[in-house]
There are 2 protein chains.
Amino acid sequence: VAIARALDELEDRVTETGVALAGIRRSSHIGMLSPYLERTCDAGLIGLLFTTSEALVHPAGGATALIGTNPIGIGIPAEPSHFVLDMATSAISMGEVIAHQARGQELPEGRAIDSEGVPTTDPVRARSGALSPFGGAKGYGLALGLELLVATLSGTALGVDVTGTLDRDKPATKGDLIVVIEPARAPAMVAAASEYLEAIRSAPTAPDVDAVLVPGDRARAQRAESCRTGIEYPQGLWAQLRDLRVRYGVNSAS
Amino acid sequence: VAIARALDELEDRVTETGVALAGIRRSSHIGMLSPYLERTCDAGLIGLLFTTSEALVHPAGGATALIGTNPIGIGIPAEPSHFVLDMATSAISMGEVIAHQARGQELPEGRAIDSEGVPTTDPVRARSGALSPFGGAKGYGLALGLELLVATLSGTALGVDVTGTLDRDKPATKGDLIVVIEPARAPAMVAAASEYLEAIRSAPTAPDVDAVLVPGDRARAQRAESCRTGIEYPQGLWAQLRDLRVRYGVNSAS
């Protein structure tokens, strides 16, 4: 809600200023970034969206979690679908680690360290250790830069002082940062961006690769499929939702 | 010079607006980003700097170069030294590939592909292939997002249409983007950022690691060392410079 309200104001202001920016304090877990970027793109605007989180990621060479999973969101208007990048700067999400543990699966290599700072594929050891940044030292530098950028512009906490997005007991001290910008030379540049993305999609592929994808392509195809055939839930989650429905007396349409 | 002139204007304007942005066209190779970010930080401002380049990087799953090495620069004021991130989104620079070839060395793994899209450690095959993005699919998404961001805001070329930074024969069609922002709650947030960076530097280390570094620490130490003891040149480069000096009749102080 805080983000949507900020976007209302930014979309008003940007028509006068060309660029507008909002820092958000005391807001809880932002969830996915992409819906907000779809919205700015639909309004013909470029959007940048950053957020911090509880420290779960270790610095390159470090043995403890000191940095959030700090996702980066970039939205650029294009046809037939906008370019929307929405990715964490950690090599894996804590949710995925927990899911691997629940399924009794090993993690892929390079995703996490144990509490001694040694790389591990054991999800249990990873949970008492830390997630690794994606892309080694470069990903670490990016994650750290975004932590500082968001905090210094929204006036929020840094590192281990970030609390309240993984539980409801502590105050939410993380920050969000949204930048909205009018593109130059639209609609010509929107056409150029769309043409470029089509060139990427039809690029020659490496051996054993079917097609080159643009970020968002897979999710968009999955969404279309889910709209046709429904959403698959893990058995346990579905049972949990049913129990909650019964406990709180919520009626279901189906 | 174009960047320095843009910074003059942005630093004037940002005191009124809080955020100011410049897109630059028809400018040649920008070189390092960090000196410009050191400058914005010295002025107490946050700086973001992006630039495109000739297409040298393949998309994830692709076999040809379609994206620039698109570096990302983030400058955040801090004590005793500013946080300055200046990194390409390619896993290695073309300059490093050429240097490996000159020394007859193999490339590290995962840095480049050959002209068929197959990963290679041979610098000769890499030069006729493409550089890989850092960090796999995530680094590819970031590089692509920055290519679109810079081009749509500066009204410049995309992908293989970017020319003129590797040679002097074609017009320079790449773009630069600078964003300058006043930090919130300074000087308190500058102090908080400085404290956080010190916590990162004194963090527990992984086995066999001496110390956790913040981006820029190594370069800063190297600069201090070079100021004391001089700069080491490869033997061939020094001879080339001497020949040029003789040919153009330039006098040298030493």
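Before reading further, recall that the structure is shown in the block above.
Residues numbered from 1 in each chain as written. Chains lettered and ligands numbered in written order. Predicted model: local features only at pLDDT ≥ 70, side-chain atom pairs only at ≥ 80, totals over all residues. Heavy atoms only, no water.

Engineer: It is not clear to me how the sheet that holds strand β3 (residues 72–76) of chain B should be interpreted in this structure. Could you clarify?
Structural biologist: Backbone hydrogen bonds hold the strands of a sheet together, and the pairing may be parallel or antiparallel. All names here are of chain B. Spatially, β1-β7-β2-β3-β4 is the arrangement adopted by the five strands of the open sheet, whose pairing is antiparallel. Only two strands of the sheet have a single partner each, and these edge strands are β1 (19–24) and β4 (83–87). Each strand axis lies, on average, 10° off the axis of its neighbour in the sheet, ignoring direction. For strand β2 (residues 46–51) and strand β7 (residues 176–181), the ladder comprises six bridges, and the chain directions are antiparallel. Of the residues in β7, the one forming a bridge with Phe50 is Leu177. Here helix α1 (residues 2–17) sits on the sheet in contact with β1 and β7, set at roughly 155° to β1. This element, helix α2 (residues 34–42), spans β2, β3, β4 and β7 of the sheet and lies at about 160° to β4. (Pairing = 2+ DSSP bridges. Helix = DSSP H or I, 4+ residues; strand = E, 2+ residues; numbered from the N terminus. Axes fitted to C-alpha atoms, helices over the stretch in contact; angles between N-to-C directions. Contact = heavy atoms within 4.5 Å.)

Engineer: Can you help me understand unusual backbone geometry in this one?
Structural biologist: Excluding glycine, residues mostly carry a negative phi; peptide bonds, for their part, are mostly trans. Residues and elements named next belong to chain A. Between Glu79 and the following residue, Pro80, the backbone shows a cis peptide bond with an omega angle of -5°. With respect to the helices and strands, Pro80 occurs in the loop between β3 (72–76) and β4 (83–87). One non-glycine residue, Arg26, lies in positive phi territory at about 55°. As for its placement among the helices and strands, Arg26 is situated in the loop between β1 (19–24) and α2 (34–42).

Engineer: In this structure, what is going on with the pattern of salt bridges? I would like to understand it.
Structural biologist: For the structure shown, the criterion picks out 18 salt bridges over all chains. Across the salt bridge formed by Asp8 of chain B and Arg39 of chain B, the nearest N and O atoms sit 2.7 Å from each other. Of the two residues, Asp8 of chain B sits in helix α1 while Arg39 of chain B sits in helix α2, which places them 31 residues apart along the sequence. Assessed through its relative accessible area of 41%, Asp8 of chain B is described here as partly exposed. According to the relative accessible area criterion, Arg39 of chain B is partly exposed, its value standing at 27%. One salt-bridge network, in which partners are shared between bridges, spans Glu198, Arg201, Asp217 and Arg220 of chain A. (Salt bridge = Lys/Arg side-chain N within 4 Å of Asp/Glu carboxyl O. Buried < 20%, exposed > 50% of the residue type's maximum accessible area, 1.4 Å probe, protein only.)

Engineer: What's the story with the relation of the copies chain A and chain B in this structure? I'm lost.
Structural biologist: Here two copies of a chain appear, and what relates them is a rotation about an axis with a shift along it. Aligned on chain B, chain A shows an RMSD of 0.1 Å; the corresponding rotation is 180° and the shift along the axis is 0.0 Å. Such a turn and shift between the copies fits a two-fold axis. No C-alpha of chain A lies nearer the rotation axis than that of Gly135 of chain A, which sits 1.8 Å from it. A share of 100% of the interface residues of chain A reappears at the interface of chain B, consistent with the copies meeting face to face through the same patch. (Least-squares fit on C-alpha atoms with pLDDT ≥ 70 in both.)

Engineer: Sorry if this is basic, but what is going on with the interface of chain A and chain B here?
Structural biologist: Quoted interface sizes are often the accessible area lost when the parts come together. Facing 66 residues of chain A, the contacting portion of chain B comprises 66 residues. Taking both partners together, chain A and chain B bury about 5,000 Å²; carbon and sulfur atoms supply 77% of that area. The three residues of chain A that bury the most area against chain B are Lys138, Thr152 and Tyr196 of chain A, which together make up 14% of that side's buried surface. Where chain A touches chain B, the interface holds zero salt bridges. Counting every contact that joins chain A to chain B gives 15 residue pairs in polar contact (both at pLDDT 80 or more). For the side of chain A that touches chain B, the elements supplying multiple residues, two or more each, are β1, β2 (46–51), β3, β4, α5 (136–154) and α6 (188–201) of chain A. Considered class by class, the residues forming the side of chain A that touches chain B number 46 nonpolar, 14 polar and six charged. (Buried area = accessible area lost by both parts, 1.4 Å probe. Polar contact = N/O pair within 3.5 Å; in protein donor to acceptor, adjacent residues only side chain to side chain. Nonpolar A, V, L, I, M, F, W, Y, C, P; charged D, E, K, R; others polar.)

Engineer: Please clarify how helix α8 (residues 235–247) of chain A should be interpreted in this entry.
Structural biologist: At 3.6 residues per turn, the α-helix brings residues three or four places apart onto the same side. Its 13 residues give α8 of chain A an end-to-end C-alpha distance of 19 Å, which sits within 8% of 18 Å, the value for a rise of 1.5 Å per residue. One or two steps after α8 of chain A, the chain reaches Gly249 of chain A, where phi turns positive at roughly 65°. (Expected span 1.5 Å × (residues − 1).)

Engineer: Can you walk me through the layout of surface pockets in this structure?
Structural biologist: Picture a little ball the size of a water molecule; that probe, rolled over the atoms, points out where space is still empty. Estimated volume of the largest pocket: approximately 1,600 Å³. Around the largest pocket, the lining comprises 48 residues; the ones closest to its centre are Asp86, Met87, Ala88 and Ala219 of chain A together with Lys138 of chain B. Contributions of two or more residues to the lining of the largest pocket are made by α2, β4, α3 (94–103) and α7 (217–229) of chain A together with α5 (136–154) of chain B. When residues of the lining of the largest pocket are assigned to their parent elements, the largest contribution, six residues, is made by α7 of chain A. Of the residues belonging to the lining of the largest pocket, the class tally is 24 nonpolar, 14 polar and ten charged. Considered as a void within the structure, the second largest pocket measures approximately 1,400 Å³ in volume. Lining the second largest pocket are 45 residues, and of these Met32, Ser34, Asp86, Met87 and Ala88 of chain B lie nearest its centre. Of all the secondary-structure elements, those providing two or more residues to the lining of the second largest pocket are α5 of chain A together with α2, β4, α3 (94–103) and α7 (217–229) of chain B. Residue composition of the lining of the second largest pocket, grouped by class: 22 nonpolar, 14 polar and nine charged. (1 Å grid on protein atoms, 1.4 Å probe; cavity = no way out; pocket = protein on both sides within 12 Å on 5 of 7 lines; lining within 4 Å. Points joined across faces, edges and corners; volume = space filled by probe spheres on them.)

Engineer: What's the story with the side chain of Thr152 of chain A in this structure? I'm lost.
Structural biologist: Assignment of secondary structure puts Thr152 of chain A in helix α5. Separated by 3.5 Å, the side chain of Thr152 of chain A and the backbone oxygen of Leu149 of chain A make a polar contact. Those residues within four positions of Thr152 of chain A in sequence are excluded, and the remaining contacts are Ile46, Ile76, Pro183, Ala184, Met189 and Ala193 of chain B.

Engineer: Is there a simple way to think about the sheet that holds β4 of chain A in this case?
Structural biologist: Read across the open sheet, the five strands follow the order β1-β7-β2-β3-β4 (chain A); overall the sheet is antiparallel. Two strands lie at the open edges of the sheet, namely β1 and β4 of chain A, each paired on one side alone. Across the sheet, the mean angle from the axis of one strand to that of its neighbour is 10°, orientation sign disregarded. Sitting on the sheet, α5 of chain B is in contact with β2, β3, β4 and β7 (176–181) of chain A, with an inclination near 135° to β4 of chain A.

Engineer: What is the right way to read the pairing of β3 of chain A from this model?
Structural biologist: One face of the sheet, then the other: side chains in a regular strand alternate in exactly this way. Residue and element names in this part refer to chain A. Counting buried residues in β3 gives five out of five residues, a clear majority hidden from the surface. Neither face of β3 is open: one carries Ile72, Ile74 and Ile76, the other Gly73 and Gly75, and all of them are buried. In terms of strand pairing, β3 meets β4 through five bridges, oriented antiparallel. The residue bridging Ile72 from the neighbouring strand is Met87, located in β4. Counted along the chain from β3 to the antiparallel partner β4, the turn is six residues long.

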